[in-house]
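# What the coordinates show
Listed below, chain by chain, are the residues.
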Amino acid sequence: MSATSDTGVKSGTTWARRLGSCGRGLLIAVLAQVGSLPLFILTVLAIVSMAVGVGLFALPVVMIAVRGLADYQRRVAGVWSGVRIDVPYRTGEDVDAYDAVGSWRHCRRLLADPATWRDLVWMLLDAPVGLVLGLLPASLVAYGLNGILVTPLLWEHMGPHWGFGVIWPIRNQTDACLAIPQGVLLVVLGLLVARPVLALHARFNRLLLAPTRSARLALRVERLIETRSETVDAQAAELRRIERDLHDGAQARLVSLGMSLGLADTLVERDPAMVRKLLADAMDSSSAALTELRDLVRGIHPPVLAERGLEGAVRALVMSQALPVEVDIVLPSRPQAPVESAAYFAIAEALANIAKHSGADRAWVRMWYADGSLRMQVGDNGRGGADSEGGSGLRGLQRRLAAFDGMLDISSPVGGPTLVTMELPCAL
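Here's what I pulled together on the structure shown here. Computed from a predicted structure; not experimentally measured. Numbering of residues starts from 1 in every chain and runs along the sequence as written. A pLDDT threshold of at least 70 governs which residues receive local features in this predicted model, and a stricter bar of 80 or more applies before side-chain atom pairs are shown or counted, although totals over entire chains, interfaces and linings include all residues. Hydrogens and waters are ignored; side-chain quantities use all the structure's heavy atoms.

## Points about the packing of aromatic side chains
Between 30 and 60 degrees the pair is tilted, below 30 it is stacked and above 60 it is edge-to-face, where a pair is any two Phe, Tyr or Trp rings, Trp via its six-membered ring, whose centres lie within 6.5 Å. Scanning the entire structure with this criterion turns up 1 aromatic pair. Arranged with centres 5.4 Å apart and planes meeting at 80 degrees, the rings of tyrosine 344 and phenylalanine 345 form a pair that is edge-to-face. Each member of the pair tyrosine 344 and phenylalanine 345 is classed as buried. Placement of a positive charge over a ring is assigned whenever Lys NZ or Arg CZ falls within 6 Å of the ring centre and within 35 degrees of the normal to the ring plane. In this structure, arginine 18 packs its charged tip against the face of tryptophan 15, placed 5.6 Å from the ring centre. For each residue, the accessible area found with a 1.4 Å probe, counting protein chains only, is set against the maximum for its type, and the residue is called buried under 20%, exposed over 50%, and partly exposed in between.

Below you can see the structure in the form of structure tokens.
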């Protein structure tokens with residue numbers, strides 16, 4: 001009985017989702033008419049009016065709306081249909097949109113971007129395509145409901161030439177009742193095609209809104225230039241840290257050790273008791289210097305990483321945390337050593353941020369390999385509100401991952417929980 005009930009609930013949920021897809025189709029149709037078509041007209045007018053100067057200030061504003069609509073369509077294509085559409089726009093320097101020279105440069109950069117012209121073609125085609133595809137499922141459902149609910153009851157008031165489906169016109173109650181099974185079929189058909197039609201519209205959007213091969217290459221070059229700069233900065237910062245740690249730690253202790261030994265050499269015959277004290281201090285300094293050098297080496301490449309691999313090193317790392325950390329790692333084999341090191345330090349930095357800022361009493365670390373990338377998630381049940389732009393250690397995480405063309409995604413609503421997702425492309 002419970003199994004039958006569960007099956008009924010799942011079936012009802014499925015049909016409810018299909019009905020929701022019909023509603024989404026209506027939204028697509030509305031956006032095609034009140035969004036794509038008006039913005040296409042405004043964009044054309046803004047480009048034409050550049051000749052008299054008005055377009056220099058109008059075009060950037062219109063393109064904000066155009067790209068906002070296109071980005072919304074990219075986002076819903078992924079959420080509704082699982083069709084990923086990357087953003088193709090070129091990045092550039094900031095300009096003053098209220099200055100004539102700055103506006104000219106901004107417009108020139110916008111018009112030089114092939115994605116701008118592809119957006120223009122997309123808006124022109126989306127007006128009819130979005131209208132047809134968006135209305136199709138909802139129209140089938142609405143017409144079917146008309147056959148089920150309206151035709152059998154009000155057929156006498158519809159006029160002599162009014163009919164439904166294959167029964168045209170309806171002359172008697174029997175003909176009117178024959179509209180009911182046809183209406184049911186149309187409703188079912190509309191619900192069945194709703195999701196495929198949404199997916200078809202998403203693929204149409206991907207055809208024009210996704211980057212072309214040349215655009216992907218240009219974006220890739222921009223990304224590599226950015227990551228190379230971040231990598232150089234990160235390496236310089238790391239070298240400065242090592243130099244500072246050596247200067248303030250081990251080097252200072254070794255200088256103190258040398259001074260103690262020198263003073264002991266001058267007092268070896270006159271004051272043996274003082275010599276013994278100086279030698280004891282020298283031993284303490286040498287032990288402390290050795291400890292600091294070991295810590296410094298661990299900060300460069302932890303020995304546990306080479307001995308136990310990434311999984312063992314991460315499990316050893318979480319054991320030293322002040323709060324309980326759940327670990328779930330599934331790796332078929334070991335990544336390359338540089339990737340292991342980057343992943344280890346990324347997780348260590350994320351856990352350090354949790355200990356310092358989150359106020360959490362529980363955290364978790366998950367790691368797996370999929371689609372040619374090592375993927376990691378570090379989460380906590382703390383207060384949330386983490387922001388990579390706030391100058392926290394998350395910015396350091398971005399720089400560390402950027403050296404390997406990695407990605408960082410942060411979900412941290414106020415009140416928590418916080419989930420940091422990291423991705424490192426690699427081969428096992």
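## Quick word on empty space enclosed by the protein
Here a cavity denotes a set of grid points, spaced 1 Å apart and computed over the protein atoms alone, in which a 1.4 Å probe fits but from which it cannot get out, and a pocket denotes an open set meeting protein on both sides within 12 Å along at least five of seven lines; residues with an atom within 4 Å of a point are reported as lining. Grid points are joined across faces, edges and corners, and a volume is the space filled by probe spheres set on the points. Within this structure, the stated rule accounts for 2 cavities of 30 Å³ or more. In this structure, the largest cavity is lined by Ile28, Gln73, Val76, Ala77, Trp80, Ser81, Leu198, His201, Ala202 and Asn205. The helix and strand labels rest on DSSP assignments: H or I over at least four residues marks a helix, E over at least two residues marks a strand, and numbering proceeds from the N terminus. Every element with two or more residues in the lining of the largest cavity is listed here: α2 (54-81) and α5 (173-209). For the lining of the largest cavity, the element with the most residues is α2, which contributes 5 residues. For this classification, the nonpolar set comprises Ala, Val, Leu, Ile, Met, Phe, Trp, Tyr, Cys and Pro, the charged set comprises Asp, Glu, Lys and Arg, and every other residue, Gly included, is treated as polar. Residues belonging to the lining of the largest cavity are distributed by class as follows: 6 nonpolar, 4 polar and no charged. The space that makes up the second largest cavity amounts to roughly 40 Å³. Considering the residues around the second largest cavity, the lining is formed by Ser21, Gly25, Ile28, Leu133, Gly134, Pro137, Ala194, Val197, Leu198 and His201. Those elements that place two or more of their residues in the lining of the second largest cavity are α1 (2-48), α4 (114-154) and α5. Looking at the lining of the second largest cavity element by element, the count peaks at 4 residues for α5. A breakdown of the residues in the lining of the second largest cavity according to their chemical character gives 6 nonpolar, 4 polar and no charged.

## Notes on the environment of isoleucine 148
Within the secondary structure, isoleucine 148 sits in helix α4. C-alpha of isoleucine 148 to C-alpha of proline 181: the two residues are 33 residues apart in sequence and 7.5 Å apart in space. Any two residues having at least one pair of non-hydrogen atoms within 4.5 Å are treated as being in contact. The residues touching isoleucine 148, leaving out its near neighbours within four places in the chain, are Ile180, Gly183, Val184 and Val187.

## Some points on the sheet that holds strand β2 (residues 363-370)
At least two DSSP bridges between two strands are needed for those strands to be called paired. Across the sheet, which stays open at both edges, the 5 strands sit in the order β1-β2-β3-β5-β4 with mixed pairing between neighbours. The two strands at the open ends of the sheet, each matched to only one other strand, are β1 (325-330) and β4 (407-411). For this sheet the average axis-to-axis angle between neighbouring strands, irrespective of direction, equals 10 degrees. Bridge count between β1 and β2: 6 bridges; the pairing is parallel. By the bridge assignment for β2, valine 330 is matched with tryptophan 368. Orientation is described by axes fitted as lines to C-alpha atoms, over the contacting stretch for helices, and by angles from 0 to 180 degrees between their N-to-C directions. Across the sheet, helix α8 (residues 303-319) touches β1, β2 and β3 (373-380), and the angle it forms with β1 is around 175 degrees.

## Here we look at α5
By this rule the span expected of a helix is its residue count minus one, scaled by 1.5 Å. Spanning 37 residues, α5 covers 51 Å between terminal C-alpha atoms, matching the ideal 54 Å at 1.5 Å per step. Remark: the principal bend of α5, roughly 35 degrees, maps to alanine 194, with a proline, proline 196, within the next four residues. Two axes enter the definition of the bend at a residue: one is fitted to the seven residues ending there, the other to the seven starting there, and the bend is the angle between them.

## Side note on the environment of valine 34
With respect to the secondary-structure elements, valine 34 resides in helix α1. For the pair valine 34 and alanine 127, spaced 93 residues apart in sequence, the C-alpha separation works out to 9.0 Å.

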